[in-house]
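Residues per chain are reported as follows:
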Amino acid sequence: MNLHMTMKEMPESEQPLEKLCRFGAQALSDAELLAVVIRSGTKDRTALQLAQFLVARRGEGLLNVVNMSLDEMRKITGIGQVKAAQLKCIAELARRISKMNRRRDLCLKEPSSIAYYYMEVLRHETREIMMVAMFDSKSNLLGDEIISIGTASNSLISPREIFIKALEYHALKIVLLHNHPSGSPTPSECDIRVTGRIRESGEVLGIALADHIIIGDNRYTSFRENGLLGQRKGT
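Heads up: these notes are all about the structure in this document. (Residues numbered from 1 in each chain as written. Predicted model: local features only at pLDDT ≥ 70, side-chain atom pairs only at ≥ 80, totals over all residues. Heavy atoms only, no water.)

**Here we look at the overall build of the chain**
Consideration 1: When helices and strands are tallied, the chain shows 9 helices and 5 strands.
Consideration 2: Helices and strands in the chain line up, N terminus first, as α-α-α-α-α-α-α-β-β-α-β-α-β-β.
Consideration 3: Burial analysis of the chain (235 residues in total) assigns 40% to the buried set.
Consideration 4: Contacts in the chain between residues far apart in sequence, at least 24 positions, make up 56% of those at least 6 positions apart. (Helix = DSSP H or I, 4+ residues; strand = E, 2+ residues; numbered from the N terminus. Buried < 20%, exposed > 50% of the residue type's maximum accessible area, 1.4 Å probe, protein only. Contact = heavy atoms within 4.5 Å.)

Structural data, given as structure tokens:
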């Protein structure tokens, strides 16, 4: 069996690109989709076999393209620097497309719409990241900014930076978001205290803290939904 076979040399029925052209991208398996991007293999693996190897690693399927670092990916024989970069770009494009589709459904009165809009941005992060989303008087999203990047267990929150960004965007309402790399979105006592302090600071500036949402592994906790938004510092 000749394993060093290019995509063109494979039987037409086995060529992912040909299959895509005939039946559409939805007809391709996860590995076949990746094989179209990878294009060429090595002397030991075809592009499809290389894609199957990548999908099978860690038992995470396509999430490997998201979760593996650029360095990890390019060390795989047959991937290298260019293909690793292409795969990481595709993963980022997928996240941005998903985010754009959800933006249309954003509603401050529905914390779930905001949580799931930012879910794919934050749920795979290995460090705590604090973001602020800024809204106008009609609750339209003006933009968002990363405020701090912390360790695996905590982020370094600067209320000053939060409101500098809010003022730059001329926001009248903000929503804080941060992830818990542990996967559990349960707020800590520190989360509650800091949220109260930020809410009080916002009241002085005329910028309302509409919610604080903690993102876990495909789960979230909304301070608004759980009656925690009104808790004051030290309570």
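Having put the structure on the table, let's press on.
**Observations regarding the sheet that holds strand 2 (residues 141–149)**
Consideration 1: With mixed pairing, the 5 strands of this open sheet are ordered in space as 2-1-3-4-5. Every interior strand has two partners, whereas the edge strands, strand 2 and strand 5 (220–222), have only one. Across this sheet, the average inter-strand angle for adjacent strands is 20°, counted without regard to direction.
Consideration 2: With 3 bridges joining them, strand 4 (residues 208–215) and strand 5 adopt antiparallel strand pairing. (Pairing = 2+ DSSP bridges. Axes fitted to C-alpha atoms, helices over the stretch in contact; angles between N-to-C directions.)

**Description of the packing of aromatic side chains**
Both the distance between ring centres and the angle between the ring planes are used here to describe each pair of aromatic rings.
Consideration 1: In this structure the tally under the stated criterion is 2 aromatic pairs.
Consideration 2: Between tyrosine 116 and tyrosine 220, the aromatic rings sit 5.7 Å apart at their centres with planes inclined by 80°, giving edge-to-face as the arrangement. Here the residue tyrosine 116 occupies a position in helix 7 (residues 111–122), and tyrosine 220 occupies one in strand 5, the gap between them amounting to 104 residues.
Consideration 3: On the basis of an interplanar angle of 85° and a centroid distance of 4.7 Å, the ring pair of tyrosine 117 and tyrosine 118 is categorised as edge-to-face.
Consideration 4: For tyrosine 117, a relative accessible area of 4% corresponds to the buried category. (Phe/Tyr/Trp six-rings, centres within 6.5 Å; stacked < 30°, edge-to-face > 60°.)

**Structural notes on the environment of serine 40**
Consideration 1: For serine 40, the position within the fold is in the loop between helix 2 (30–38) and helix 3 (47–56).
Consideration 2: It is 9.8 Å that separates the C-alpha atoms of serine 40 and lysine 83, two residues lying 43 residues apart in sequence.
Consideration 3: In contact with serine 40, other than residues within four places in its own chain, are Ala47, Leu50 and Lys83.

**Some details on the pairing of strand 3 (residues 173–179)**
Consideration 1: Counting buried positions along strand 3 yields 6 of 7 residues, so the element is predominantly enclosed.
Consideration 2: In this sheet, strand 3 lies alongside strand 1 (residues 129–135) in antiparallel orientation, the contact comprising 6 bridges. Counterpart to methionine 134 in the pairing with strand 3 is isoleucine 174.
Consideration 3: Where strand 3 lies against strand 4, 7 bridges are found, and the strand directions are parallel. Its bridge partner lying in strand 4, lysine 173 is registered against alanine 208.
Consideration 4: The β-α-β motif built from strand 3, the intervening helix 9 (residues 189–205) and the parallel element strand 4 has right-handed crossover chirality. (Right-handed = clockwise from strand over helix to strand, strands pointing away.)

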